[in-house]
Amino acid sequence: MQKQSIFGRIAQLAKANINALIDQAEDPQMMLDQMLRDYTDNIAEAEAAIAQTIGNLRLMQQDRDEDLRAAEDWGSKALAASSRAEQHRTAGQDADAAKWDNLAKVAIQRQLQSEGEAKGVEPTIASQEQVVEKLKSGLEQMKSKRQQLVAKRDELVARSKAAAAQSQVHDALKSVNLMDPTSELSRFEEKIRREEAKVIGANELAASSLDSQFEQLDDLGEQLEVEARLAALKQGRSPAELGQASGENEANSYHGA
């Protein structure tokens with residue numbers, strides 16, 4: 001029953017669809033680790049069972065070979081006894097001849113018994129040989145599956161670590177974007193541009209106002225005065241006379257007004 005139970009587990013594990021099991025598992029890595037432990041335990045148990053089965057098979061083969069050698073030996077003894085019986089019969093010694101014939105018969109019976117025992121164990125040996133071959137094949141498949149499990153587990157672990165690293169990089173980049181100083185500079189620059197636009201608008205508005213027009217007239221009067229004094233200087237008049245004349249002109253203008 002133990003060998004049959006082990007054989008059943010070997011067949012079941014060897015046929016396991018690893019990819020399908022991974023797809024169904026909530027935690028693939030944990031499932032693979034458990035499967036690896038199961039495979040390792042079952043492989044060790046299977047190796048012990050196969051070793052015992054092979055040992056039993058070799059014992060049966062040795063017993064069969066011993067029976068065959070015994071049958072051959074009894075055949076030789078039967079032949080020797082029969083020859084001796086014929087010698088005595090030829091010599092007219094019928095009693096001795098009968099004795100040797102009886103010994104030959106006993107040897108033949110032992111020969112038949114040994115041959116029967118050897119033949120009787122043949123089906124069991126053949127069956128056990130098939131079992132051993134199936135167990136060996138299943139064991140190799142289990143070892144191959146275990147290697148697949150190791151590779152799958154290593155692949156999943158590597159992919160999991162890579163995904164975690166990518167997630168960390170992604171989160172770091174999001175944090176950098178949220179705290180990006182260039183975004184603050186852009187908002188500050190936009191604010192300055194709006195302030196500059198206000199100044200430009202105010203200047204244009206001031207330039208068109210009435211006060212601005214009077215300021216332009218005052219600037220023009222001052223420029224005319226400068227030109228008049230320059231012309232007087234060129235005519236030989238002194239700066240004092242120019243200032244006095246300018247004052248009189250302003251007074252006359254006031255009284256006239």
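Above this text is the structure in question.
Now for a description of the structure that goes with this document. (Residues numbered from 1 in each chain as written. Predicted model: local features only at pLDDT ≥ 70, side-chain atom pairs only at ≥ 80, totals over all residues. Heavy atoms only, no water.)

1. Thoughts on the overall build of the chain
What the chain contains, in helices and strands, is seven helices and zero strands. What you see in the chain, going N to C, is helices and strands ordered as α-α-α-α-α-α-α. Counting only residues that meet the buried cut, the chain has 20% of its 257 residues in that class. Looking at the chain alone, contacts between residues at least 24 apart form 74% of all its contacts between residues at least 6 apart. (Helix = DSSP H or I, 4+ residues; strand = E, 2+ residues; numbered from the N terminus. Buried < 20%, exposed > 50% of the residue type's maximum accessible area, 1.4 Å probe, protein only. Contact = heavy atoms within 4.5 Å.)

2. Thoughts on the side chain of Asp101
For Asp101, the location among the structural elements is in helix α4 (residues 94-178). In this structure the side chain of Asp101 is engaged in a polar contact, spanning 2.5 Å, whose partner is the side chain of Arg89. Filtering out sequence-adjacent residues up to four positions away, Asp101 remains in contact with Ser82, Ala85 and Arg89. (Polar contact = N/O pair within 3.5 Å; in protein donor to acceptor, adjacent residues only side chain to side chain.)

3. A look at the nonpolar core
Counting 13 residues, the largest nonpolar core has Met35, Tyr39, Leu139 and Leu149 as its most contacted members. For this core, the secondary structure elements donating two or more residues are α3 (28-90) and α4. With eight residues, α3 is the largest single contributor of residues to this core. Listed in part, the five residues of the second largest apolar core include Leu57, Met60, Val121 and Val132. (Core = buried A, V, L, I, M, F, W, Y, C linked by side-chain atoms within 4.5 Å.)

4. Points about the environment of Val132
Note that Val132 resides in helix α4. Residue classification places Val132 among the buried positions, given a relative accessible area of 3%. Apart from residues lying up to four places away in sequence, Val132 is in contact with Thr53, Ile54 and Leu57.

5. Brief notes about the pattern of salt bridges
Across all of its chains, the model carries nine salt bridges by this definition. The partner of Asp73 in a salt bridge is Lys77, with the nearest N and O atoms 3.5 Å apart. Here Asp73 pairs with Lys77, and both are found in helix α3, just four residues apart, close to one helical turn. Judged by its relative accessible area of 42%, Lys77 falls in the partly exposed class. A network of salt bridges, in which partner residues are shared, links Arg64, Asp65 and Glu122. (Salt bridge = Lys/Arg side-chain N within 4 Å of Asp/Glu carboxyl O.)

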